[in-house]
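# Overview (structure and organization)
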Protein chains: 6
Amino acid sequence: MHESSTGLRFKRLLLTGAAGTLGRMLRPRMRRYCETLRVSDLAAMEPAGDGEEVVIAPLEDEAAMFALLEGVDAVLHFGGVSVEKPFSTVLPANIVGAYNLYEAARRQGTQRIVFASSNHVTGFYGQGETISAHVVPRPDTFYGLSKAFGENLAQFYFDRHGLETVTLRIGSCLPEPVNRRQLSSWISHDDMERLLVAVLSAPVVGHSIVYGVSDNRSTWWDNSQGRQVGYRPQDSSEPWRAAVEAKQPHIDPARPEARYQGGAFVVLGPFPFAGQE
Amino acid sequence: MHESSTGLRFKRLLLTGAAGTLGRMLRPRMRRYCETLRVSDLAAMEPAGDGEEVVIAPLEDEAAMFALLEGVDAVLHFGGVSVEKPFSTVLPANIVGAYNLYEAARRQGTQRIVFASSNHVTGFYGQGETISAHVVPRPDTFYGLSKAFGENLAQFYFDRHGLETVTLRIGSCLPEPVNRRQLSSWISHDDMERLLVAVLSAPVVGHSIVYGVSDNRSTWWDNSQGRQVGYRPQDSSEPWRAAVEAKQPHIDPARPEARYQGGAFVVLGPFPFAGQE
Amino acid sequence: MHESSTGLRFKRLLLTGAAGTLGRMLRPRMRRYCETLRVSDLAAMEPAGDGEEVVIAPLEDEAAMFALLEGVDAVLHFGGVSVEKPFSTVLPANIVGAYNLYEAARRQGTQRIVFASSNHVTGFYGQGETISAHVVPRPDTFYGLSKAFGENLAQFYFDRHGLETVTLRIGSCLPEPVNRRQLSSWISHDDMERLLVAVLSAPVVGHSIVYGVSDNRSTWWDNSQGRQVGYRPQDSSEPWRAAVEAKQPHIDPARPEARYQGGAFVVLGPFPFAGQE
Amino acid sequence: MHESSTGLRFKRLLLTGAAGTLGRMLRPRMRRYCETLRVSDLAAMEPAGDGEEVVIAPLEDEAAMFALLEGVDAVLHFGGVSVEKPFSTVLPANIVGAYNLYEAARRQGTQRIVFASSNHVTGFYGQGETISAHVVPRPDTFYGLSKAFGENLAQFYFDRHGLETVTLRIGSCLPEPVNRRQLSSWISHDDMERLLVAVLSAPVVGHSIVYGVSDNRSTWWDNSQGRQVGYRPQDSSEPWRAAVEAKQPHIDPARPEARYQGGAFVVLGPFPFAGQE
Amino acid sequence: MHESSTGLRFKRLLLTGAAGTLGRMLRPRMRRYCETLRVSDLAAMEPAGDGEEVVIAPLEDEAAMFALLEGVDAVLHFGGVSVEKPFSTVLPANIVGAYNLYEAARRQGTQRIVFASSNHVTGFYGQGETISAHVVPRPDTFYGLSKAFGENLAQFYFDRHGLETVTLRIGSCLPEPVNRRQLSSWISHDDMERLLVAVLSAPVVGHSIVYGVSDNRSTWWDNSQGRQVGYRPQDSSEPWRAAVEAKQPHIDPARPEARYQGGAFVVLGPFPFAGQE
Amino acid sequence: MHESSTGLRFKRLLLTGAAGTLGRMLRPRMRRYCETLRVSDLAAMEPAGDGEEVVIAPLEDEAAMFALLEGVDAVLHFGGVSVEKPFSTVLPANIVGAYNLYEAARRQGTQRIVFASSNHVTGFYGQGETISAHVVPRPDTFYGLSKAFGENLAQFYFDRHGLETVTLRIGSCLPEPVNRRQLSSWISHDDMERLLVAVLSAPVVGHSIVYGVSDNRSTWWDNSQGRQVGYRPQDSSEPWRAAVEAKQPHIDPARPEARYQGGAFVVLGPFPFAGQE
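Here the structure is a predicted model, which means the values were calculated and not measured. (Residues numbered from 1 in each chain as written. Chains lettered and ligands numbered in written order. Predicted model: local features only at pLDDT ≥ 70, side-chain atom pairs only at ≥ 80, totals over all residues. Heavy atoms only, no water.)

## Section: the overall build of chain A
How we decide: Starting at the N terminus, helices and strands are each numbered in turn, a helix being any DSSP run of H or I of at least four residues and a strand any DSSP run of E of at least two. Taken over C-alpha atoms, the radius of gyration is set against a globule rule of 2.2 Å times the number of residues to the power 0.38. Buried, partly exposed and exposed residues are distinguished by accessible area as a fraction of the type maximum, computed with a 1.4 Å probe on protein chains only: under 20%, between the cut-offs, and over 50%, respectively. The contact definition used throughout considers only heavy atoms, calling two residues in contact when any of these lie within 4.5 Å. Each accessible area value is a Shrake-Rupley result obtained with a 1.4 Å probe; residue values ignore everything except the protein chains displayed when judging cover. Think of it this way: Lys and Arg go in the positive column, Asp and Glu in the negative one, and His and the chain ends go nowhere. A single reference atom marks each charge: NZ on Lys, CZ on Arg, CG on Asp, CD on Glu.
The helix and strand inventory of chain A stands at nine helices and nine strands. A compact globule built from 277 residues should have a C-alpha radius of gyration of about 19 Å, and chain A, at 18 Å, falls within 12% of that. Here chain A, with 277 residues, has 65% of them falling under the buried criterion. Restricting the contact set of chain A to residue pairs at least 6 apart, pairs at least 24 apart contribute 68%. When the accessible surface of chain A is split by element, carbon and sulfur atoms take 52% of a total near 9,300 Å². In chain A, the 27 positive side-chain charges and the 31 negative ones have mean positions that sit 1 Å from each other.

As structure tokens, this is what we get:
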């Protein structure tokens, strides 16, 4: 991101899930917006660089999470399971883990959490529908279900304890879009950084829900909440369109993975698809 | 309920939470709508009467739940924690337990689940607001949060597996209303039975969310989904109004418990109220 | 209908489709609200009684329609095809016929038309949805499509020429409901009369769209426009529920005719059902 | 009103406009709900009965209003101009007067105000439209404009000072409806009393806006806020319909007074009607 | 259109109405997006160029239409009457013709139809209103009425047969805007091409309704569905504003043609304007 | 503003409040769009330049206002009190003054008024909410209350007399944004000129309400009505963001002035803040 620098400057930012794909991409980028960047994960990470702190901390370990949040101004919560897994795998990381994070943040006095949720919270809406951030969740997986839980948890900690969150329903954050669905759902790495900067610097956010998506030519999401908190994407999937359409010339609109916003996620798992609508 | 009988007749109905307050009230009433009523709980229950089956089955025991659902046409899921408790207590009963119930129902081929959710899923809306069943959840407790999870789970099992649910956001189901908030949130025992009969006999329900409340003079809930599935309450809190108002003559509208629909639940727990709005 | 009589009194009312099932039922009832009741159809009708005029007039005959409207204050337009037929059959009766009727009414100075439309204008909405009169039409048949045309025609004649219409999206007008879908869609003969009296006597209607349905326990239609023009149904399908449910104990919610408001109409015709949603 | 008594019992209620038509009707009725009823007006009133206090106090007299509010728990503000008058007449009574009342109430610690507003705040909506209490005001007169001011003032005193108000957009409060418009807009004297009792006894109201209308067969107003605060009208204009329609058999829908909800008010004043829509 | 080329490539596209003004403009442009461009009309057309097929086929001729659709992947349906005409002229071309086209497409297995509808489907909305694609139609002419029929037909063929359509409510497609209304309704030839490319290449469209309008400074249409299917206009009427305003300095807002979105169409025909609102 | 000139050219424009901050900024800019620019205020102004007329006219002086409007085509009404003052100060200038202006305009035949309203009409909405121009007013001051009165007055003069108004709810019109709230509410001087040109040149406006704000990265206002009348802002607060955030690094979201859109206005005045929500 080569724009004019912003004034954003935290004392200590925490990035969870720093060993994951998004975490590794974000770590050097977010380093610039704080005096100290604390990064955490369950797995091994790159050693701490200048102004960095590296902490191994499983999300389901309540005491470890309490320690992890000490002295933290704001959190980028990218930790946890981010693909479909059995419920027993999703539960400790994404449900117990989210609770541990919020409770630790409340007790430690953290000001704001950016919660990496997912478009799979609303994956069972049709690709022919435009939805806002206020529709009833229709998760397409246990993974999406666990993210819906995190969103409700964030609302509760704001209403009850005044702890602010911006929930990001992230589309497809990849170097480039690789199929036709991603022409609508793609968010570039630079736009993801812009989005994080925007929601960290917005003066008052309460609990806001924002779709994390670039300025693509086609979209299913009314992202007016994104605009309200100052997110202005500058990338688009359009330059990749011709190549993607050539590679995937035809879509059978009768197949569930083509009909729903969640794409192939709606048919994941060991059981056949039996949904009706 | 002394109305003309309905044709409703299941082969086997399952009532979970049968040792609880609502479960004990509902057991003899629901007996009339099925050939066999299976009742379950963690705790001891009355011995099986004619046409009854009594099963001890903890919700968090996956195998026990699978066995419990065998041969069941429809479920009235009233089991689990129904007041505010620490998250570690709510988790196994209401989150893991709900998953176990739905997964067992899917595998056993159950047709429909009636899920006893709660008005505490939306307890942080103001008493000056009228809300529909489609607003963003604003749970007021870990209890309410767990019920919001169950609602999303029900939506997922319908969208993915075609398993139908009617979610009931139950108000205050008591013999009579005992404070001014309950003049709005009360549902009589007879209306609860009418509601269960309605949602069990509605031909097609998908996943519907209905507020469980009597025909009270004042209300915060737009219950048009209730009318759609055929719920027509016949009781009202009005006969108790004078007595309740005499007992509780003044409300301080600045106190959180008077401002929010969730009432005293919004201030439960060991921490002070720090919400902003 | 044994209520206190209303003051409604037209000089000359026209009832088209008088040889049809609804027409025959309505003829003696509407006789009371006018000095002269003119009845018309393509087919033979009962001879004219006292204060009646009987006219054979095919809807597709422009000149006959012009003559038919002479001296008419208000029209109850129940003529035309009222079941699914090939497009070539629906076209002259319901599309050309509706045009002929409106153009004749405009030239003859008729004040108001009550247009018998159908719930099949919106038959492809799901039985799990509650719709208002302002949704985008989703007709389920050529018949429903022709009624949607008539509704737009009525809107045009009001906007362009000031000719008022109340469009009635009639549910199932039968002596009694005979299947589970009709528990929601039924309108009694008495309520149909009440509806006609209401919309004829409302002082100002512009072009209003009202669902024609009794006060059934379950419904898919938000009929607030009906209330606005003064329709207050007094009958309900409820007394027939037990018998209907006994006769039709189970519904397979995966079949199109159970999923859509239009019921069996959505699968009529010589071609297989290939809709997606 | 002969229903079972309610527990409502204020120490001191203030009724302004007590010499007006509505004020005289309400004075004996409201006497029952308080220990002391203070009544005020600009004009002479009946002498004080048992438990009554009679005060002459012009609304535009700031000091008089401050004194008037001393010791008052709740106010029924029916004072001021209630028909169309030149702006110079409406201004002191309804704009300055409303300010004086609210400022006095704030300084004296009054808990709640019931503000008699008018349907003429929204009189330029069409009789073919159904409106809620949240639409943009379209006043039909200077009188309606002044009432819109009072509604905004009430909102401000609640948001800024926590002083609660229920605004009543009163239809036509008369012994009986006398023309076809009033078949929709009429509120009986008994229902007006029921409405006042409801809004005085509702536990929490913030600033609510309610249409004051009986349970008439036809209506233009979605009064869900009325239901929320517990208003359940029991009268209807229906028994007068036949007589009213006989007296006024035809309406010319092209005349402004027939097209707009405000009726004849929309054409009051010395200037011709030049509105466009 | 000089943008980077897209990958769009059909085997055989059909363009109806190829002899009309829009058809002639679109023919060379659409040639680039397919191997074979079949063009049809009632009237004579330019001879077939390389990769073109030219067919004379009246829309009202069912057999000709069936033959015309053979081997066609997608249709751009610009044929029929596109100005106001007597109903008897509009009927065969636009109502019977639309039916013939859809029925032929269904039987021949065509994947998608782009239906050239018109802003005159909603021409009776006011120029002071912003409308979405989901409002109730208010056609301003028989022409607009026939296009509303086509839209409902498209919805039916999608719901019943899975045949996808994008309906384009085209504004004023001209080389440049020539009056003040067109400053809002204009679409450039390049943007029309962009729009067709977008809706042909969108992966899943169901039945979508999109306004066909450039990125003008002022607009009456909320075109979020256009954005969803990937339409991004790049032209604007702004460069012509000064010239247009100089030529037409004043608008009398009381004249119907200035008040309604349909402009002069609302007063076409041999009869005086008698609309009320 | 260095764009291509527009054709806008009035015979005589009136700018009230010409001695105020905005008035002085606008006077030379608006001079270009008319043959004669009449400027007025209560206070002394710069002497008349070429093509200018300077008039001292207090808004509360009915006769002076009548004279002031003579020969005026359109008005930019920026006069009156524009900060919080006691009600007795706001009343004559903003309430009586607005009435005098509209009544004079009606009698003199003025075509259109641009009314400088304020975001303080809706200042009690939260900074976490996005509002449209159609929400219920929640004024934050007597100043905001008086502007809400002016908006209703404008609606009345359009509905009753056909006099068109565009109401501008102006944010913070300053050379540059000076605090974090203004990053959302700022409008540049150039954009203010663009806005005035747009609303003066739009062909038909009725009574439209538009937010006056630049194209800032973050916003609380859905300004679709602005787009409809042709307003396209070209400036943004973004270049000032880093400096503003450095100067004001932290916001305490619990303080009323940080929570509400009206900012510090919500706590102005001699009384403590006692609002609840």
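## Some remarks on the UniProt feature "domain: NAD-dependent epimerase/dehydratase" (unreviewed entry) in chain A
Heads up, the condition is: UniProt positions are given in the numbering used here, feature names are shortened, and annotations may be inferred rather than shown by experiment.
On the UniProt side, "domain: NAD-dependent epimerase/dehydratase" (unreviewed entry) is annotated at positions that read residues 14-172 of chain A here. Structurally, residues 14-172 of chain A is divided into 37% helix and 22% strand, and its ends, taken at the C-alpha atoms, are 23 Å apart.

## So, the relation of the copies chain B and chain A
Look at the two chain copies: a rotation about an axis and a shift along it is all it takes to match them. Selection criterion: Overlaid copies result from least-squares superposition on C-alpha atoms, with residues included only where pLDDT is at least 70 in both.
Placing chain B over chain A gives an RMSD of 0.0 Å and needs a rotation angle of 180 degrees, together with 0.0 Å of translation along the axis. The relationship between the two copies is best expressed as a two-fold rotation axis. For chain B, the smallest separation between a C-alpha atom and the rotation axis is recorded for Phe149(B), amounting to 2.9 Å. In this assembly, 100% of the residues forming the interface of chain B have copies in chain A that are likewise at the interface, indicating an isologous arrangement.

## With respect to the interface of chain B and chain A
As a reminder, the rule being used: For any pair of parts, buried area is found by adding up, for both, the accessible area (1.4 Å probe) each one loses once the two are put together. Any carboxyl oxygen of Asp or Glu within 4 Å of a side-chain nitrogen of Lys or Arg constitutes a salt bridge here. Polar contacts here mean pairs of N or O atoms no more than 3.5 Å apart (in protein, one a potential hydrogen donor and the other a potential acceptor; neighbouring residues in sequence count only if both atoms are side-chain atoms).
At the interface, 37 residues of chain B touch 37 residues of chain A. Counting each side, the surface lost to burial between chain B and chain A is near 3,600 Å², with a carbon and sulfur contribution of 65%. Contact with chain A buries surface across chain B, with Phe156(B), Asp159(B) and Arg160(B) losing the most and accounting together for 20% of the total. Across the contact surface, chain B and chain A share two salt bridges. The closest approach of N and O atoms between Arg138(B) and Asp159(A), which form a salt bridge, is 2.6 Å. Linking chain B with chain A are six residue pairs in polar contact (both at pLDDT 80 or more). Of all the elements, helix α4 (residues 142-161) of chain B adds the most residues to the side of chain B that touches chain A, at 13 residues.

## Things to note about the packing of helix α4 (residues 142-161) of chain D against helix α4 (residues 142-161) of chain F
Here is the rule we go by: Here an axis means a line fitted to C-alpha atoms, over the contact stretch when the element is a helix, while the angle between two N-to-C directions is reported on a 0 to 180 degree scale. If an angle is under 35 degrees, it is roughly parallel; if it is over 145, roughly antiparallel; if it lies from 65 to 115, roughly perpendicular; otherwise it is oblique. Note on convention: near helix rotated counterclockwise from far helix by under a right angle means a left-handed crossing. Clockwise means right-handed. Under the convention adopted here, Pro, Cys and the residues Ala, Val, Leu, Ile, Met, Phe, Trp and Tyr are nonpolar, Asp, Glu, Lys and Arg are charged, and Gly plus all remaining residues are polar.
At a minimum axis distance of 10 Å, the contact between α4(D) and α4(F) shows a crossing angle of 150 degrees. With respect to α4(F), the element α4(D) is oriented roughly antiparallel. Pair α4(D) / α4(F) crosses with right-handed handedness. Along the contact surface, α4(D) presents Phe142(D), Leu145(D), Ala148(D), Phe149(D), Asn152(D), Leu153(D), Phe156(D) and Tyr157(D), while α4(F) presents Phe142(F), Leu145(F), Ala148(F), Phe149(F), Asn152(F), Leu153(F), Phe156(F) and Tyr157(F). Taken together, the residues that form the contact of α4(D) with α4(F) break down as 14 nonpolar, two polar and no charged.

## Quick look at the nonpolar core
Stated formally: Grouping buried Ala, Val, Leu, Ile, Met, Phe, Trp, Tyr and Cys residues that are joined through side-chain atoms within 4.5 Å yields what is termed a nonpolar core.
Counting residues in hydrophobic clusters, the biggest one holds 70 residues, and the most contacted among them are Leu69(C), Ile95(C), Tyr102(C), Leu69(E), Ile95(E) and Tyr102(E). When contributions to this core are tallied by element, the ones reaching two or more residues are α2 (62-68), α3 (87-108), β5 (112-118) and α4 (142-161) of chain C together with α2 (62-68), α3 (87-108), β5 (112-118) and α4 (142-161) of chain E. In this structure, Ile95(C) is in contact with Phe87(C), Val90(C), Ser146(C), Phe149(C), Phe87(E), Leu91(E), Ile95(E) and Phe149(E), ignoring residues within four places of it in sequence.

## As for helix α3 (residues 87-108) of chain A
Residue and element names in this part refer to chain A. Which entries qualify depends on this criterion: For a helix, the expected span equals 1.5 Å multiplied by the residue count minus one. To get the bend at any residue, fit one axis to the seven residues that end at it and another to the seven that begin at it, then take the angle between the two axes.
With 22 residues, α3 extends 30 Å from end C-alpha to end C-alpha; this agrees with the ideal 32 Å at 1.5 Å per step. At Gly97, α3 shows its strongest bend, of approximately 35 degrees. By the criterion of burial, α3 is predominantly enclosed, with 16 of the 22 residues buried. Looking one or two residues beyond α3, the residue adopting positive phi is Gly109, at roughly 80 degrees.

## Here we look at the sheet that holds strand β2 (residues 34-41) of chain A
All names here are of chain A. Note the following rule: Pairing between strands is defined by DSSP: at least two bridges between them are needed.
Pairing is parallel in the open sheet, where seven strands are placed in the order β3-β2-β1-β4-β5-β6-β9. Both outer strands of the open sheet, β3 (52-56) and β9 (207-212), are each paired with one neighbouring strand and no more. In this sheet, adjacent strand axes meet at a mean angle of 20 degrees when their direction is disregarded. By the bridge criterion, four bridges tie strand β4 (residues 74-77) to strand β5 (residues 112-118) in an arrangement that is parallel. Considered in β5, the bridge of His77 is made with Phe115. The sheet contacts of helix α4 (residues 142-161) involve β5, β6 (164-170) and β9, and relative to β5 the element is tilted by about 155 degrees. The sheet contacts of helix α6 (residues 189-201) involve β1 (10-16), β4, β5, β6 and β9, and relative to β5 the element is tilted by about 140 degrees.

## Here's the deal with helix α6 (residues 189-201) of chain F
Structurally, the α-helix is built with 3.6 residues per turn, so residues lying three or four positions apart point the same way. Residues and elements named next belong to chain F. Between its first and last C-alpha atoms α6 spans 18 Å; for 13 residues at 1.5 Å apiece the expected length is 18 Å, and the two agree. Judged by how many residues are buried, α6 sits mostly within the fold: 11 of 13 residues are covered. The complete set of buried residues in α6 reads Asp191, Met192, Glu193, Arg194, Leu195, Leu196, Val197, Ala198, Val199, Leu200 and Ser201.

## Considering the arrangement of the chains
Spatially, chain A and chain D are disjoint, and the shortest separation between their C-alpha atoms is 19 Å. As for chain E relative to chain B, no contact occurs, and the smallest C-alpha gap between them is 19 Å.

## Comments concerning the packing of helix α1 (residues 21-30) of chain F against α6(F)
Residues and elements named next belong to chain F. Here α1 crosses α6 at 55 degrees, and the two axes come no closer than 11 Å. With respect to each other, α1 and α6 are oriented oblique. Where α1 crosses over α6, the two elements pack in a sense that is right-handed. Across from Met25, Leu26, Arg29 and Met30 in α1, the residues of α6 making contact are His189, Asp190, Met192, Glu193, Leu196 and Leu200. Class assignment of the residues belonging to the contact of α1 with α6 gives a composition of six nonpolar, one polar and three charged.

## Section: the pattern of salt bridges
Applying the stated rule across the entire model yields 108 salt bridges over all chains. Arg106(E) is the salt-bridge partner of Glu103(E), the closest N and O atoms lying 2.7 Å from each other. In this pair, Glu103(E) and Arg106(E) are both assigned in helix α3, three residues apart and thus about one turn of the helix distant. Given a relative accessible area of 10%, Glu103(E) falls into the buried group. Between Arg112(E) and Glu164(E) there is a salt bridge, with its nearest N and O atoms 3.1 Å apart. With Arg112(E) in strand β5 and Glu164(E) in strand β6 (residues 164-170), this residue pair connects regions lying 52 residues apart in the sequence. Overall, Glu164(E) belongs to the buried group, its relative accessible area being 4%. Several salt bridges converge on common partners, so that one network encompasses Arg29(A), Arg32(A), Asp190(A) and Glu193(A).

## Side note on the sheet that holds strand β2 (residues 34-41) of chain B
Residue and element names in this part refer to chain B. One open sheet accounts for seven strands, arranged β3-β2-β1-β4-β5-β6-β9; its pairing is parallel. Looking at the sheet topology across the chains shown, the edges are occupied by β3 (52-56) and β9 (207-212). In this sheet, neighbouring strand axes are inclined to one another by 20 degrees on average, regardless of whether the strands run parallel or antiparallel. Relative to β9, strand β6 (residues 164-170) is paired through six bridges, and the arrangement is parallel. If you follow Val166 over to β9, its bridge partner there is Ser208.

## Here's the deal with the side chain of Ser208(E)
Residues and elements named next belong to chain E. In this structure, Ser208 sits in strand β9 (residues 207-212). Given a relative accessible area of 2%, Ser208 falls into the buried group. Within the local environment of Ser208, its side chain forms a polar contact with the backbone oxygen of Val205, the two atoms lying 2.8 Å apart. Beyond its immediate sequence surroundings of up to four residues, Ser208 is in contact with Thr165, Val166, Thr167, Gln225 and Val229.

## Some remarks on the packing of aromatic side chains
Put simply, the rule reads: Two rings belonging to Phe, Tyr or Trp (six-membered ring only in the last case) form a pair when the distance between their centres is within 6.5 Å. Interplanar angles under 30 degrees mark stacking, angles over 60 mark edge-to-face geometry, and anything in between is tilted. The criterion for a charge sitting over a ring is simple: Lys NZ or Arg CZ within 6 Å of the ring centre, and within 35 degrees of the ring normal.
Here the structure, examined in full by the defined rule, presents 72 aromatic pairs over all chains. With 5.7 Å between their ring centres and 65 degrees between their planes, Phe87(F) and Phe142(F) make a pair best called edge-to-face. Linking Phe87(F) in helix α3 (residues 87-108) with Phe142(F) in helix α4, this pair joins segments that are 55 residues apart in sequence. A single burial state applies to Phe87(F) and to Phe142(F), both of which are buried. Seen from the ring of Phe66(D), Arg107(D) lies directly overhead, with NZ or CZ sitting 4.2 Å from the centre.

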